[in-house]
Amino acid sequence: MNKPLAERIRPMGLEDYLSQSHLVGEKGALRRQLENGNIPSLILWGPPGTGKTTLAEIIARESKRPFFTLSAINSGVKDIRQVLEKANKGGGLFASKSPILFIDEIHRFSKSQQDSLLGAVERGQITLIGATTENPSFEVNPALLSRCQVYVLKAFEKEDLLQLLHRAIEKDLELQKKEIVLSQTNALLRLSGGDARKLLNIFELVAESQSSQKVEITDALVLKQVQQNTVRYDKTGEQHYDIVSAFIKSIRGSDPNAAVYWLARMIEGGEDVKFIARRLLISASEDIGMANPTALVIANNTFQAVQTIGWPESRIILSQCAIYLATSPKSNASYMAIGNAQKLVRETGDLSVPLHLRNAPTKLMKDLGYGADYKYAHDYQDNFVNQDFLPDGVQGTIFYDPGNNGRENKLREQLQSRWKDQYDY
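Residues numbered from 1 in each chain as written. Predicted model: local features only at pLDDT ≥ 70, side-chain atom pairs only at ≥ 80, totals over all residues. Heavy atoms only, no water.

> Mind showing me how you'd approach the sheet that holds strand E1 (residues 42–45) here?
In spatial order, the strands read E2-E3-E4-E1-E5; together these 5 strands make up an open sheet with parallel pairing. Here the strands that pair on one side only, and so sit at the sheet edges, are strand E2 (67–71) and strand E5 (149–152). Across the sheet, the mean angle separating the axes of adjacent strands is 20 degrees when strand polarity is ignored. Relative to E5, E1 runs parallel, the two being bridged by 4 bridges. (Pairing = 2+ DSSP bridges. Helix = DSSP H or I, 4+ residues; strand = E, 2+ residues; numbered from the N terminus. Axes fitted to C-alpha atoms, helices over the stretch in contact; angles between N-to-C directions.)

> Explanation requested: the nonpolar core in the structure shown.
Nonpolar side chains in soluble globular proteins generally cluster together in the buried interior. Within the largest apolar cluster, 26 residues are counted, with the highest numbers of intra-cluster contacts made by Ile180, Leu188, Phe203 and Ile217. Looking at this core, the elements with two or more residues in it are helix H1 (5–8), helix H9 (158–171), helix H10 (186–192), helix H11 (196–208), strand E7 (214–217) and helix H12 (219–228). Not counting residues within four places of it along the chain, the set of residues in contact with Phe203 comprises Leu5, Leu165, Ala168, Ile169, Leu175, Ile180, Leu182, Leu188 and Ile217. Membership of the second largest hydrophobic core comes to 24 residues, among which are Val244, Ala277, Ala284 and Val306. (Core = buried A, V, L, I, M, F, W, Y, C linked by side-chain atoms within 4.5 Å. Buried < 20%, exposed > 50% of the residue type's maximum accessible area, 1.4 Å probe, protein only. Contact = heavy atoms within 4.5 Å.)

> In this structure, what is going on with a nonpolar patch on the surface? I would like to understand it.
A cluster of nonpolar side chains, namely Tyr374, Tyr376 and Phe389, defines an oily patch on the protein surface of about 320 Å² accessible area. Summarising the element assignment, Tyr374 is placed in the loop between helix H19 (363–367) and helix H20 (406–419). Judged by relative accessible area, Tyr374 falls into the partly exposed class, the value being 41%. (Patch = residues over 30% accessible without salt bridge, like charges linked within 9 Å, V, L, I, M, F, W, Y side chains within 5 Å. Areas by Shrake-Rupley, 256 points an atom, 1.4 Å probe, with all protein chains shown as cover. Salt bridge = Lys/Arg side-chain N within 4 Å of Asp/Glu carboxyl O.)

> Before we go on, may I ask you to explain helix H3 (residues 29–36) in this structure?
Side chains that are three or four residues apart share a direction in an α-helix, a result of its 3.6 residues per turn. All of the buried residues along H3 are Leu30, Gln33 and Leu34. End-on view of H3: buried residues confined to an arc of 100 degrees, all on one side of the axis. Residues of H3 that are exposed and point over 90 degrees away from its buried face: Glu35 and Asn36. Buried residues along H3 sit against helix H2 (21–24), E1, helix H4 (52–62) and E5. Residue Gly37 follows H3 closely and has a positive phi angle near 75 degrees. (Arc of directions from axis to C-beta.)

> Is there a simple way to explain the environment of Phe203 in this structure?
Take Phe203: it is sitting in helix H11. Its relative accessible area of 0% is what places Phe203 among the buried residues. On a C-alpha basis, the gap between Phe203 and Val226 in space is 9.8 Å, while along the polypeptide they are 23 residues apart.

> For this particular structure, what's the right way to read the packing of aromatic side chains?
Geometrically, a pair of aromatic rings is defined through the distance of the ring centres and the angle of the planes. One pass over the full model with this rule turns up 6 aromatic pairs. Judged by centre distance (5.3 Å) and plane angle (80 degrees), the rings of Trp419 and Tyr423 are edge-to-face. Exposure class is identical for Trp419 and Tyr423. Each is buried. (Phe/Tyr/Trp six-rings, centres within 6.5 Å; stacked < 30°, edge-to-face > 60°.)

> Got a minute to help me understand the side chain of His356 in this structure?
Positionally, His356 belongs in the loop between helix H18 (333–348) and H19. Given a relative accessible area of 16%, His356 falls into the buried group. A polar side-chain atom of His356 sits 2.7 Å from the main-chain carbonyl oxygen of Asp388. Beyond its immediate stretch of four places on either side in the chain, His356 contacts Gly371, Ala372, Asp373, Tyr374, Gln387 and Asp388. (Polar contact = N/O pair within 3.5 Å; in protein donor to acceptor, adjacent residues only side chain to side chain.)

> For this particular structure, what's the right way to read the pairing of E7?
Taken residue by residue, a regular strand's side chains alternate between the two faces of the sheet. Burial along E7 is one-sided: the residues Val215 and Ile217 are buried and none of Lys214 and Glu216 is. With 4 bridges joining them, strand E6 (residues 179–182) and E7 adopt parallel strand pairing. Note on E7: the bridge partner recorded for Val181 is Glu216.

> Could you clarify how one ought to interpret helix H6 (residues 111–123) in this entry?
Its maximal kink placed at Leu117, H6 deviates by approximately 25 degrees. Those residues of H6 that fall on the buried side of the exposure criterion are Gln113, Gln114, Leu117, Leu118, Ala120 and Val121. Of the residues trailing H6, Gly124 is marked for its positive phi of about 80 degrees. (Bend = angle between axes of the 7 residues up to and from the residue.)

Following this line, the structure appears as structure tokens:
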């Protein structure tokens, strides 16, 4: 049986590696380390299909180091010890260049499994490269994380994905047997979601579905074939993120029935309970926010509870939380507020803090006017007094625009009453 297309055209060196120029471009940190021959233990953090495994293999190949690989899905402490023993047997051969141990989905390792790596990493017995789709700050033990550099990989850009498709058509021996024309690519790009492996899987599926020698790739053909070939939920595969996307969008769309259905799909697929609970936490703030601030409390309590309870009873807690979030009023005003504020900060730079808001711990600072004219809100009626809190040049800018729901409509009235003409609420 032929290898999947993504495996067949996997790049062998940095010259063929697409995207991640911030890491492997001419001035990229990883490229410099490769050129210097000084490869630290590191964590590659990024969405699925962004080339984490490929990059690890290229690092090993170009640094001419032995390469061992484990998957956290089906490996335990025993497997780790066996690899470490093999590394030890290298003796002087590996003295100057320690072998590379690549661990895919390292966030799925338990604390004891991660702890078993500490000594070998600290002594330089191995160079660890861990790959994760989850924030390593939460999922990798602090002791191990402190011994690794973290590099963030980004989802592929449209140009990278198109280049990948053309490379597949030109270089893959199987695809060369057909005359493939890329008439339309929007569906391919949209369904891939920036995941290169998923893009190639869909592309190969569509190309092989046509018996004729000439294959014209259109959006309609892609959508038809994908709908006909929906696969079973696999927590390690490409449907993993499609299912959780449907789950969160059902909550955002206030459909508790759909939310529970997609939750059941994840439960039956053996999904990591913390993965589901983290998504609920994000949704509580991003999609509900100030319309019902209690949603965040419920989601946080859910996150704590399911870690204590575990499967299978935690499914009840997750169901309750999902239904609560789905039936809550919705507002993305807090989410939009921080996005708007960040955009303005990037555009205007480091504006000076107004003097009356500055800290004045010394007499000199007080003499210079730091803190002068600041009005202490608690000294005024209703604990409020009108004064400027934003820097010159951006005063009066509204970042938080209350949503249209019962609670935030009252907040808008309160803001209008307090700030009058200063903010146009």
